Number of protein chains: 2
Amino acid sequence: MPNSATIHDQAASERPPLRIAVAGLGTVGAGVIRLLEENRDLITRRAGRPIEVVAVSARDRNKDRGIDLSPYRWEDDMDDLAALADVDAVVEVIGGSDGPALTLARNTLKRGKPFVTANKAMIAHHGMELATIADSSDIPLKFEAAVAGGIPVIKALREGASANRITRVYGILNGTCNFILTKMEAEGRDFADVLTEAQAKGYAEADPSFDVDGVDAGHKLSILAAMCFGSRLDFGNVTTRGIRAITAADIREAETLGYRVRLIGMAEQGEDGLYQCVQPCLVPAEHPLGYVPGSLNAVVAEGNFVGRLFFEGAGAGDGPTASAVVADLIDVARNEYGPAFAMAVETLEALPVADSGGRSGKSYVRLIVADRTGVLAEIATAMRDAGVSVESFIQRGAQDGAALIAMVTHEGEARAVADAVSRLTASPNLLGDPVVMPILDL
Amino acid sequence: MPNSATIHDQAASERPPLRIAVAGLGTVGAGVIRLLEENRDLITRRAGRPIEVVAVSARDRNKDRGIDLSPYRWEDDMDDLAALADVDAVVEVIGGSDGPALTLARNTLKRGKPFVTANKAMIAHHGMELATIADSSDIPLKFEAAVAGGIPVIKALREGASANRITRVYGILNGTCNFILTKMEAEGRDFADVLTEAQAKGYAEADPSFDVDGVDAGHKLSILAAMCFGSRLDFGNVTTRGIRAITAADIREAETLGYRVRLIGMAEQGEDGLYQCVQPCLVPAEHPLGYVPGSLNAVVAEGNFVGRLFFEGAGAGDGPTASAVVADLIDVARNEYGPAFAMAVETLEALPVADSGGRSGKSYVRLIVADRTGVLAEIATAMRDAGVSVESFIQRGAQDGAALIAMVTHEGEARAVADAVSRLTASPNLLGDPVVMPILDL
């Protein structure tokens with residue numbers, strides 16, 4: 001019995017195809033080509049017409065990519081694939097915020113051809129410029145794959161939740177960090193140790209800073225925020241704190257308090273403007289983000305009518321990313337697309353930056369201190385003088401005459417906690433950098 | 001500072017509005033009107049033009065609905081709101097698989113006007129007929145609100161995951177059942193007891209059979225299946241088993257085995273055809289469906305490139321349902337819609353019904369038996385003769401000379417377990433109906 005993937009839609013397959021050029025033939029580019037090949041009949045049915053790769057381009061023509069490129073014309077000039085008469089749309093999976101990807105994006109949109117990309121860095125940095133070109137001629141600029149990989153979260157927020165005022169969007173936007181944190185949690189190991197293993201296995205880059213310092217999650221967060229709030233994309237004002245300072249001890253203390261440590265990107269539109277921050281947080285163990293395993297991604301959005309929506313899936317990898325790229329292509333083929341950021345780019349609002357110090361909540365504070373008389377009083381004084389009220393306080397003996405102090409504060413302003421910690425940084429009793437993490441109470 | 005909900009898009013607000021009629025003014029109808037009012041400016045920006053209610057209709061004009069209906073023209077004739085010259089599209093939130101809802105749907109689509117509905121029963125029973133009318137003139141027929149309430153799961157599967165061959169879709173599709181099961185679990189109470197409370201609080205209908213017997217979940221499942229597999233909607237072949245027979249003891253036994261009892265709707269496209277079943281299952285405690293709290297809904301879809309996607313949110317209620325209805329209206333206003341079932345209705349495949357007896361897996365079997373000599377041998381013999389291999393077996397003393405037997409079988413065909421149980425049904429030692437639940441190992 002034939003299954004639906006092999007059913008043939010005569011009418012659809014005879015319509016003029018959407019002819020595309022693919023720029024970039026790394027794992028994602030190869031994945032896109034493999035997907036278009038493997039699910040060809042199904043895609044033709046869903047798109048109402050065939051989607052055909054007519055040209056490909058990448059830096060190195062001779063690299064073995066594990067796929068047969070012979071059916072596709074090779075183009076040396078990557079900069080202007082859109083100039084080719086038989087190319088209707090361009091897929092960019094080169095990566096990098098500037099350089100060839102940006103040149104290609106500008107050239108494609110300026111020629112009035114649809115542009116589909118998986119490039120979060122480029123959209124985060126140049127999304128407004130590109131959307132302005134795209135919207136001015138009603139050309140599709142699509143980037144589902146740029147946020148949370150295979151999870152159709154752009155689609156779900158831009159269209160599925162479009163009736164709502166979204167008040168807050170947050171989630172686990174970097175799979176590498178979630179892999180590291182959940183592994184540290186499961187095995188009681190420290191950051192550096194797990195990172196080394198992740199690098200050896202190819203789960204983390206040789207230079208891991210984009211991931212572990214929160215930059216990659218910040219790119220995605222800024223895109224989500226613009227999409228949700230109808231505001232201008234503002235990556236420059238995303239605060240990012242990474243996970244390098246988190247220790248196995250932090251994760252253990254969080255656990256005894258009923259929390260899990262996760263790298264959370266959060267954007268919120270408040271009275272005083274737009275708050276955008278990527279940082280490790282304590283997430284209640286019963287919150288859906290507390291369960292997200294391994295390298296998965298997850299996004300939570302809160303709408304004023306729909307309430308809380310939660311989406312989880314693979315945030316990276318060739319298959320999931322290709323799935324998102326091709327979904328965008330199907331929208332293009334169907335001629336179902338709107339403005340790149342859901343509303344006309346010139347109507348997106350330039351929101352002021354919210355005062356993050358004024359954010360209220362509980363915080364986790366962890367210090368490593370010299371195990372000496374008077375240290376406790378010094379900490380308690382700093383807390384009191386900064387106006388921070390402590391809800392719980394644990395001191396544990398650490399190694400070599402050091403002690404670990406883990407506190408949870410009562411609800412209060414973030415700036416007060418920062419003030420308290422800064423009062424201690426000059427102290428000779430403080431060993432190493434303090435760790436402060438907000439407690440997510442959502 | 002104005003927030004984005006109150007930003008005004010001059011150009012969009014001056015474009016010709018999408019003028020709609022709303023049929024049905026229960027909680028959902030009132031919610032749609034309240035949402036269109038409250039988020040008016042935002043919706044205009046997202047839709048690119050205003051969405052205006054021009055006419056309303058319901059059975060009883062004089063009922064107090066807690067909203068001001070005076071701005072809207074009342075129409076007594078609900079059957080043909082589409083005949084009104086100033087109505088561009090019709091929203092149906094009356095409910096019921098036939099009767100006025102169906103008449104209105106047919107009349108609206110035949111007049112070539114878009115039709116948006118929250119009516120899962122009508123789509124499950126008449127979706128193919130309505131889609132045929134809609135597709136023949138390329139008219140939008142939209143029903144996001146019909147499945148999983150506010151979760152934009154139709155959008156996510158139809159468009160977000162459109163590049164994938166979906167192999168399996170399953171989830172918690174009825175909030176009332178999930179509310180009852182999670183409450184039974186948390187409080188150790190029995191079904192009837194919790195149902196009575198749920199009815200008193202308005203969480204369950206006076207006649208709860210649509211919910212607790214799995215019919216409502218079956219409606220939604222049949223819609224999901226057609227959307228995912230490109231197959232003709234086939235509600236008539238959805239097998240439904242409800243949750244009435246589940247006891248507090250079942251939930252307790254499941255828990256000791258590491259599982260939770262959930263009502264799961266599952267559709268799968270296999271070699272031998274389409275499998276569609278709603279039934280209580282044992283879900284691993286660490287599976288995302290095991291965490292879905294209270295009355296929420298959740299859907300899992302597995303695609304051949306994207307892997308596993310998980311969506312969770314409110315499956316009912318006026319706000320979430322209105323959110324989905326208005327998202328559909330925004331798509332209509334933007335002119336972004338495709339065939340009702342993602343591909344031309346005449347190309348949807350009529351799949352044969354898969355043999356559910358041939359499905360392989362572990363099963364949970366629970367019996368209440370008379371606590372007499374020889375009963376154990378009787379059960380063991382029935383299992384052996386039916387070819388069922390038992391992985392774990394617990395006997396506990398129950399009340400009044402009865403014993404509870406809870407077994408988990410090894411992997412095997414469903415028909416063998418059914419055969420074993422049928423061998424026991426004639427036994428005078430069997431007290432009450434046996435409960436068989438498949439164990440979800442996904």
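Residues numbered from 1 in each chain as written. Chains lettered and ligands numbered in written order. Predicted model: local features only at pLDDT ≥ 70, side-chain atom pairs only at ≥ 80, totals over all residues. Heavy atoms only, no water.

A short note on helix α5 (residues 120-136) of chain A
Residues and elements named next belong to chain A. Considering bend angle alone, the principal kink of α5 is centred on His126 and spans about 80°. For α5, the complete set of buried residues consists of Ala121, Met122, Ile123, Ala124, His126, Gly127, Met128, Leu130, Ala131, Ile133 and Ala134. Taken together, the buried residues of α5 touch β4 (89-92), α4 (99-110), β5 (115-117), β6 (141-142) and α10 (215-229). Its side-chain oxygen placed 3.3 Å from the backbone nitrogen of Ala121, Asn119 serves as the N-cap of α5. (Bend = angle between axes of the 7 residues up to and from the residue. Helix = DSSP H or I, 4+ residues; strand = E, 2+ residues; numbered from the N terminus. Buried < 20%, exposed > 50% of the residue type's maximum accessible area, 1.4 Å probe, protein only. Contact = heavy atoms within 4.5 Å. Polar contact = N/O pair within 3.5 Å; in protein donor to acceptor, adjacent residues only side chain to side chain.)

A closer look at the confidence of the model for chain A
Mean pLDDT over chain A works out to 95, with 98% of the residues at or above the 70 mark. Confidence drops under a pLDDT of 50 for residues 1-5 of chain A, and excluding neighbours within four residues, the segment shows 19 contacts in the predicted structure. (pLDDT = per-residue confidence, 0-100.)

Observations regarding the relation of the copies chain B and chain A
The transform that puts chain B on chain A rotates by 180° and translates by 0.0 Å along the axis, for an RMSD of 0.0 Å. These values place the two chain copies in the arrangement generated by a two-fold rotation axis. When the interface residues of chain B are mapped onto chain A, 100% of them again fall at the interface, so both copies present the same face. (Least-squares fit on C-alpha atoms with pLDDT ≥ 70 in both.)

Quick word on the domain arrangement of chain A
All names here are of chain A. Segmentation of chain A into domains returns domain 1 (4-146), domain 2 (153-314) and domain 3 (358-438). Facing 15 residues of domain 2, the contacting portion of domain 3 comprises 12 residues. Summing the contributions of domain 2 and of domain 3, the shared interface buries around 1200 Å²; its carbon and sulfur component is 59%. At the boundary of domain 2 with domain 3, the tally comes to 3 salt bridges. On inspection of domain 2 and its partner domain 3, the count reaches 6 residue pairs in polar contact (both at pLDDT 80 or more). Taken together, the elements giving at least two residues each to the side of domain 2 that touches domain 3 come down to α11 (248-256), β9 (259-270) and β10 (273-284). Here the element with the most residues in the side of domain 2 that touches domain 3 is β10; it accounts for 5 residues. (Domains from an automatic or database assignment. Buried area = accessible area lost by both parts, 1.4 Å probe. Salt bridge = Lys/Arg side-chain N within 4 Å of Asp/Glu carboxyl O.)

A closer look at the side chain of Ser363 of chain A
All names here are of chain A. Turning to its location among the elements, Ser363 is positioned in strand β14 (residues 363-370). The class for Ser363 is buried, based on a relative accessible area of 9%. Once residues lying within four places of it in the same chain are set aside, the contact partners of Ser363 are Met407, Val408, Thr409, Val417, Val436, Met437, Pro438 and Ile439.

Some words on the packing of helix α2 (residues 27-38) of chain B against helix α12 (residues 318-334) of chain B
Residues and elements named next belong to chain B. It is the contact of α2 with α12, at a shortest axis distance of 8 Å, that shows an interaxial angle of 65°. Here α2 runs over α12; the crossing is right-handed. Contacts between α2 and α12 pair Thr27, Val28, Gly31, Val32, Arg34, Leu35 and Leu36 from the former with Asp318, Thr321, Ala322, Ser323, Val325 and Val326 from the latter. By residue class, the composition of the contact of α2 with α12 is 7 nonpolar, 4 polar and 2 charged. (Axes fitted to C-alpha atoms, helices over the stretch in contact; angles between N-to-C directions. Left-handed = near helix turned anticlockwise from the far one by under 90°. Nonpolar A, V, L, I, M, F, W, Y, C, P; charged D, E, K, R; others polar.)

Observations regarding the interface of chain B and chain A
For an interface, size is often stated in terms of accessible area lost upon the parts coming together. Residue-level contacts link 67 residues of chain B with 67 residues of chain A. When chain B packs against chain A, close to 5600 Å² is buried across both sides, 54% of that on carbon and sulfur atoms. Residue Lys155 of chain A is joined to Glu159 of chain B by a salt bridge in which the shortest nitrogen-to-oxygen separation is 2.8 Å. Seen at the junction of chain B and chain A, the total is 24 residue pairs in polar contact (both at pLDDT 80 or more). Those elements giving two or more residues to the side of chain B that touches chain A turn out to be α2, α3 (40-47), α6 (153-160), α10 (215-229), β12 (307-314) and α12 of chain B. For the side of chain B that touches chain A, the class distribution of residues is 33 nonpolar, 17 polar and 17 charged. Of the pairings in the sheet, the one linking strand β12 (residues 307-314) of chain A to β12 of chain B comprises 3 bridges and is antiparallel in character. Of the residues in β12 of chain B, the one forming a bridge with Phe310 of chain A is Glu312 of chain B. (Pairing = 2+ DSSP bridges.)

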